[in-house]
Amino acid sequence: MARGATTMEVRADGVAVITISNPPVNALSFDVIASLQSNYGEALRRNDVKAIVLTGAKGRFSGGFDINGFGNKPKNEKPGSFSIDFLTGVVEDAQKPSVAAIDGVALGGGLELAMVCHARVSTPSAQLGLPELQLGIIPGMGGTQRLPRLVGLQKALEMMLMSKSIKGVEAHKFGLVDAIVSADKLVSTACSCALEIHEHKKPWLKSLLRTDRLTDIVEAKKILKSARVQALKQSANLQHPLVCIDVIEEGILFGPRAALMKEVLSGKMLEQSQTSKSLRHVFFAQHATSKIPNITNLGLTPRRILKAAIVGGGLMGSGIATAFILSDIVVVLKEVNEKFLNTGINRIKANLQSFVKKGRMTKDDYENKLSLLSGVLDYEQFRDADVVIEAVIEDISLKQQIFSDLERSCHSNCIFATNTSTIDLQLIGQQTACQDRIVGAHFFSPAHVMPLLEIVRTQQTSSQVIVDLLDVAKKIRKTPIVVGSCTGFAVNRMFFPYGQAAGLLVDYGLDVYHIDHVITQFGMPVGPFRLADLVGFGVAVATGKQYYQSYPERCYKSLLTAIMLEENRTGESSRKGFYLYDDKRQASPDPDIKKYVEKSRKMAGVAQDPKLLKLTDKDIVEMVFFPVVNEACRVLDEGIALKASDLDVASIMGMGFPSFRGGVMFWADSLSAEYVYRRLDGWSKDYGEFFKPCEYLAARASHGASLVRFYRISASLM
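Please read these numbers as outputs of a predicted model, since none were measured by experiment.

Calculation criteria
Residues numbered from 1 in each chain as written. Predicted model: local features only at pLDDT ≥ 70, side-chain atom pairs only at ≥ 80, totals over all residues. Heavy atoms only, no water. UniProt positions renumbered as here; feature names shortened; annotations may be inferred. Helix = DSSP H or I, 4+ residues; strand = E, 2+ residues; numbered from the N terminus. Buried < 20%, exposed > 50% of the residue type's maximum accessible area, 1.4 Å probe, protein only. Pairing = 2+ DSSP bridges. Right-handed = clockwise from strand over helix to strand, strands pointing away. 1 Å grid on protein atoms, 1.4 Å probe; cavity = no way out; pocket = protein on both sides within 12 Å on 5 of 7 lines; lining within 4 Å. Points joined across faces, edges and corners; volume = space filled by probe spheres on them. Nonpolar A, V, L, I, M, F, W, Y, C, P; charged D, E, K, R; others polar. Core = buried A, V, L, I, M, F, W, Y, C linked by side-chain atoms within 4.5 Å. Contact = heavy atoms within 4.5 Å.

Draft legend 1. Representation of the UniProt feature "domain: 3-hydroxyacyl-CoA dehydrogenase C-terminal" (unreviewed entry) in the chain within the structure. Per the UniProt record, "domain: 3-hydroxyacyl-CoA dehydrogenase C-terminal" (unreviewed entry) is found at residues 488-581. Taken end to end, residues 488-581 is 61% helix and 3% strand, and its two terminal C-alpha atoms sit 29 Å from one another.

Draft legend 2. A look at the pairing of strand β13 (residues 387-390). Of the two faces of β13, the one holding V387 and I389 and the one holding V388 and E390 are both buried throughout. With four bridges joining them, β13 and strand β14 (residues 415-418) adopt parallel strand pairing. Each residue of the ladder has a partner; that of V388, found in β14, is F416. In this fold, the crossover linking β13 to β14 by way of helix α15 (residues 396-409) has right-handed handedness.

Draft legend 3. Empty space enclosed by the protein, seen in detail. Counted under the stated rule, the structure contains two cavities of 30 Å³ or more. A volume near 40 Å³ is recorded for the largest cavity. Among the elements of the structure, α18 (491-507) and α25 (617-637) are those that each provide at least two residues to the lining of the largest cavity. Broken down by element, the residue count for the lining of the largest cavity peaks at four residues, all from α25. Residues of the lining of the largest cavity, tallied by class, amount to four nonpolar, one polar and three charged. There is about 40 Å³ of room inside the second largest cavity. Contributing to the lining of the second largest cavity are L425, Q426, G429, Q435, I438, T458 and Q460. Among the residues forming the lining of the second largest cavity, the class breakdown is two nonpolar, five polar and no charged.

Draft legend 4. The arrangement of the nonpolar core in detail. One finds L505, F578, F625, V629, L647 and M665 to be the most contacted residues of the largest nonpolar core, which totals 90 residues. Here the element with the most residues in this core is α25; it accounts for twelve residues. In contact with F578, not counting residues within four places along its chain, are V512, Y513, F529, A532, D533, F537, L560, T561, M564, D590 and I593. Judged by nonpolar contacts, the second largest core, of 63 residues, contains L128, A156, A171 and V177.

Quick look at the structure:
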């Protein structure tokens, strides 16, 4: 079946308007590319065509190359046949000028197509960028060569290496587009521009050959060297940012035409890399999280959420309130007394002020956002709330009382959500008659920053409420995953063995700081012990008890954290945990940790194991993460999570698992279920039930089956 096409209309003034049409974002599928080549061939042959305007249907230029096509490229295709032979040899070198009329998006291959044209006209709000590095690849249609020549080397590196898109107004300022016009005048202005170029009233410029915005070689080398240092600092595990810099440098040192072939060949090599496969998987997985069988395919329309009420102004409650007002939703924040309420409101103000300090919000924006917030001590203003989110301490009886109060105080369609991270939702709503409206909305700290929202449903939660919360997630710019109710839900339950495995390794002889170093080298933002300091020992011990009660047969109970807590070491908040912290919260190792470790080993009745002292870094990573994979398999098997790809997204966005490894399940699958099973089985014989492989993993391993179920979706573009 054909996927998209281009159409051509020749106007009376001699301009051929070629329109890309491939909903929803006019992706450059192979069908679109073939159609584009055909239309261009005709336009260049026809005597009645003086110039060409390239645009996109329905207010979108092009979202770029269709990612679905990565694995389906023609095997015998000549390298550069499209990017060099057609775009450069036919379009850019043509005897008839082309002008791009850009609205909506011009991303990835879409922007590269526009840069081949001899001029660009854009709407002010159009989004332009080259985000290919997010997929482990580099711009492959001339972007590495043309963007530096249009906006300068420094800005081009920033846009490519940071995958940073810019609006039309900024693009005009930097020279990426030549004119800004309203959407209703876009095509007519582009046509006039094309005719003026044809008549030599405007300069006929080829982006590839421009040098006016490039610095001299010496300065360019300095800029490129600095970019390499920064790329290594930000992502030491990644190859493709350095490859991108190399290809850009090739064009500056040896000329752009030679560099175009290097771009093609480097891009082809990167497409086959594990990093690119992982990042493409994450892209698909992220888009699939909001596709819920028997929920989102029922034709339900999300109800409008105009007002949200938050119960509890602590760190989580104030963060959730911030997330809502950032998206222009009216918020009522309730606390038990004036002191707590003022503290909560001040937290929200501080959250907003941090955006002002970073230049991401003006002072007027700050005041406007703050005006959406009101603080209360009772439920009177909850009567017209569309959604209530409870964010108080993890106390079942307190939560039950709050939900009973909400049932009396709110209208009959109000959604009742809890931000609990561990307590079973069935218990929270036990004393109400509205269990169809009760749902978990588990945010991750800090709630206004972390991108994940775990939507927790019970057997009673209505489909309408799930659809409503999925829409809320979209509005407040969160990626949702829908999960079932159990201790820890999907994310925290999947990762409870993470800290326990690290504790086991320390009890058996490994160094706390060496484990953290190995795990951060693997790609995690912090290691398990630094994470425990961040979370706080009180929280770590309390949640640990929940898991010991729910899953006693597969917990490893290290006493190390509890021992340190008794000595008033609570983590970063007290400046003493596994690390010591200075006034700027910079962490440094503490020699005193050894005495706590020795006490923990003694109380656990274990001794240093000479075998574990010989572990390689790879072994340590696997001993820490394979129990996480094992628990994720149980979460899948029990139906708590709908698909493995949801757990991949959750592990990345909720726990910081490196996206370039594709998420915890995709990473394990790249090693094979059989390998994971065999390693866990071996450790379980030496160190007990904690490592014992679950039945789901055993079955996948014995059949040589994948741990990841792939879901193909249509809006998969770059």
